[in-house]
Amino acid sequence: MNILITGVAGFIGFHTALKLLNKKNNVYGIDSLNNYYDVKIKKLRLNLLKKKFSKTKKFGFYKNNLKNEKFLVNIIKKKKIKIVIHLAAQAGVRHSLKKPIDYVTNNIVATTNLLEACRKSKNIKHFLLASTSSVYASSIKTPFNEKDPADFPLQFYAATKRATELMAHSYSHLYGIPFTILRFFTVYGPFGRPDMALYKFTQNILKNKEIEVFNNGNHTRDFTYVDDIAISIQKLIKKIPKTNDTFGLSKKISHYSNAKINIINIGNGKQETLEKYISLIEKTLNKKAKKNYLPFQIGDALNTSSNIKRLKKTIKFSPKVNIDKGIKNFIRWFKSYYKI
Ligand SMILES: NC(=O)c1ccc[n+]([C@@H]2O[C@H](COP(=O)([O-])OP(=O)(O)OC[C@H]3O[C@@H](n4cnc5c(N)ncnc54)[C@H](O)[C@@H]3O)[C@@H](O)[C@H]2O)c1
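Quick notes on the rules
Residues numbered from 1 in each chain as written. Predicted model: local features only at pLDDT ≥ 70, side-chain atom pairs only at ≥ 80, totals over all residues. Heavy atoms only, no water. Near = heavy atom within 4 Å. Polar contact = N/O pair within 3.5 Å; in protein donor to acceptor, adjacent residues only side chain to side chain. Areas by Shrake-Rupley, 256 points an atom, 1.4 Å probe, with all protein chains shown as cover. Helix = DSSP H or I, 4+ residues; strand = E, 2+ residues; numbered from the N terminus. Buried < 20%, exposed > 50% of the residue type's maximum accessible area, 1.4 Å probe, protein only. Contact = heavy atoms within 4.5 Å. Pairing = 2+ DSSP bridges. Axes fitted to C-alpha atoms, helices over the stretch in contact; angles between N-to-C directions. Core = buried A, V, L, I, M, F, W, Y, C linked by side-chain atoms within 4.5 Å. Right-handed = clockwise from strand over helix to strand, strands pointing away.

## A few points about the site of the ligand
Inference 1: Taken together, 29 residues are adjacent to the ligand, and Asp-31, Tyr-37, Tyr-157, Lys-161 and Val-187 come closest.
Inference 2: In the model, an oxygen atom of the ligand is placed 3.4 Å from a nitrogen or oxygen of the Gly-10 main chain.
Inference 3: Backbone polar atom of Ile-12 to an oxygen atom of the ligand: 2.8 Å apart, as the coordinates give it.
Inference 4: For the ligand, whose free accessible area comes to 830 Å², the fraction covered by protein is 98%.
Inference 5: Counting residues per element, the ones that place at least two in the shell around the ligand are α1 (11-21), β5 (126-132) and α6 (156-175).
Inference 6: Here the shell around the ligand takes three residues from β5, the largest share from any one element.

## Here we look at unusual backbone geometry
Inference 1: Going from Thr-142 to Pro-143, the amide bond is cis rather than trans, its omega being -5°.
Inference 2: Position of Pro-143 among the secondary structure elements: in the loop between β5 and α6.
Inference 3: The phi dihedral of Phe-191 is positive, around 65°, even though this residue is not glycine.
Inference 4: A positive phi angle, close to 60°, is found at Asn-208, a residue other than glycine.
Inference 5: Positionally, Asn-208 belongs in the loop between α7 (197-206) and β8 (210-213).
Inference 6: For Asn-208, a relative accessible area of 46% corresponds to the partly exposed category.

## Points about the environment of Trp-333
Inference 1: Relative to the elements of secondary structure, Trp-333 occurs in helix α12 (residues 323-337).
Inference 2: The buried category is assigned to Trp-333, whose relative accessible area is 10%.
Inference 3: For the pair formed by Trp-333 and Ile-3, sequence separation is 330 residues and the distance between their alpha carbons is 28 Å.
Inference 4: Once residues within four sequence positions are removed from consideration, Trp-333 is found in contact with Ile-41, Pro-190, Phe-191, Gly-192 and Tyr-199.

## Topic: the sheet that holds strand β4 (residues 83-86)
Inference 1: Here we have seven strands laid out as an open sheet, ordered β3-β2-β1-β4-β5-β6-β11, and parallel in their pairing. In this open sheet, the two strands that pair with only one neighbour each are β3 (59-63) and β11 (261-266). This sheet shows a mean twist of 20° between the axes of neighbouring strands, independent of strand direction.
Inference 2: Across six bridges, β5 lies against strand β6 (residues 179-184) in parallel orientation. Looking at the pairing, Ala-130 lines up with Leu-182 of β6.
Inference 3: With respect to the sheet, α1 is in contact with β1 (2-6), β2 (26-31), β3, β4 and β6, its orientation differing from that of β1 by roughly 165°.
Inference 4: Across the sheet, helix α3 (residues 69-78) is in contact with β1, β2 and β3; its angle to β2 comes to roughly 175°.

## Here's the deal with the nonpolar core
Inference 1: Residues Ile-5, Phe-59, Ile-85, Phe-184, Ile-281 and Ile-327 are the most contacted members of the largest nonpolar core, which totals 63 residues.
Inference 2: With residues up to four places along the chain from it excluded, the contact list for Ile-281 reads Leu-198, Phe-201, Thr-202, Ile-205, Ile-327 and Ile-331.
Inference 3: One finds Ile-76, Leu-115, Phe-127 and Met-167 within the second-largest nonpolar core, a separate group that totals 29 residues.

## Looking at the pairing of β2
Inference 1: Summarising burial for β2: five of the six residues are buried, a large majority.
Inference 2: Relative to β2, β1 runs parallel, the two sharing five bridges. By the bridge assignment for β2, Ile-5 is matched with Gly-29.
Inference 3: Taking the sense of rotation as the criterion, the β-α-β connection linking β1, α1 and β2 turns out right-handed.
Inference 4: Note that β2 and β3 share five bridges and pair parallel. Its bridge partner lying in β3, Ile-30 is registered against Tyr-62.
Inference 5: Viewed along the sheet, the connection from β2 through helix α2 (residues 39-53) into β3 turns out right-handed.

In short, shape yes, function no, at least from these values alone.
Rendered as structure tokens:
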């Protein structure tokens, strides 16, 4: 199968490519290698992919930006792409308060270009689009179910992600492209993002620096181990939606939609407190954190928790790695990366 992964040098893109390349697939990856966080780790991920798969010629990498629609049209045609896994995005809730335009460029405009390239190709069998649990943030009911309202995002990152979900629906209705929307819940693990809590906490604790604990540690999160995400994506590729049954539309409205689209939560299915997460990091590092308790940050979600019944039903798999094991794996990787 010829698969295109956007954001392949990113955290989830790297792990997904690794998983798919171990099977009989050809993976073509695009990434702009932007400097939202240290580019060194993006290059390291890419070098590992190139090293492992260069001889088999199953992996091709293109440093390019999704703003270049002509390039996308060409690559999809030349490499006979059938499956698109769209992970490239400007992620991060906090950064969206500072630079919202990055989200318009890399989420809305970039996704539009990719959708257009797929429409022109006419050969795309399945388009998997990364979204986020943040789209549910205004919901007080947990766990979040795919049919829960997601139309009132509390910050701009989630607003742009929700916009891409809606754009996918319209492209599916208009041009028949089947879409699966992947709503990820706080992903963590080896080769993780330096802007995310686990990385920052580990780094600061080891350097005897304070860690910032927002909302006085009263958040809960559904932490999902990255390998469980990659396995889920690999299995979902084969589950091509045939109808529009989860778009949160009433039957009366969905009657007019010909979209073939599915929305799937990919979470661990467990709600953990931030305090527990920190105490597990401390335990694994055998070192106490200096905690700087801070008030609630505007835009943050108070709690996230996934209902993963649909995931289990669709792919007969549920995420397996608990946070004890996942944090240990991350810290083992972190120490080897920094030669500690
Ligand atoms: N990590 C999480 O906890 C999490 C949670 C929910 C949703 N997501 C979503 O999952 C996807 C992957 O996230 P991640 O954690 O791997 O992020 P990441 O930042 O590590 O990876 C994204 C990659 O996309 C690239 N990119 C950004 N804009 C681009 C453009 N215009 N053209 C080409 N490449 C571009 C970046 O250089 C980066 O390498 C994103 O869509 C994100 O919104 C992630």
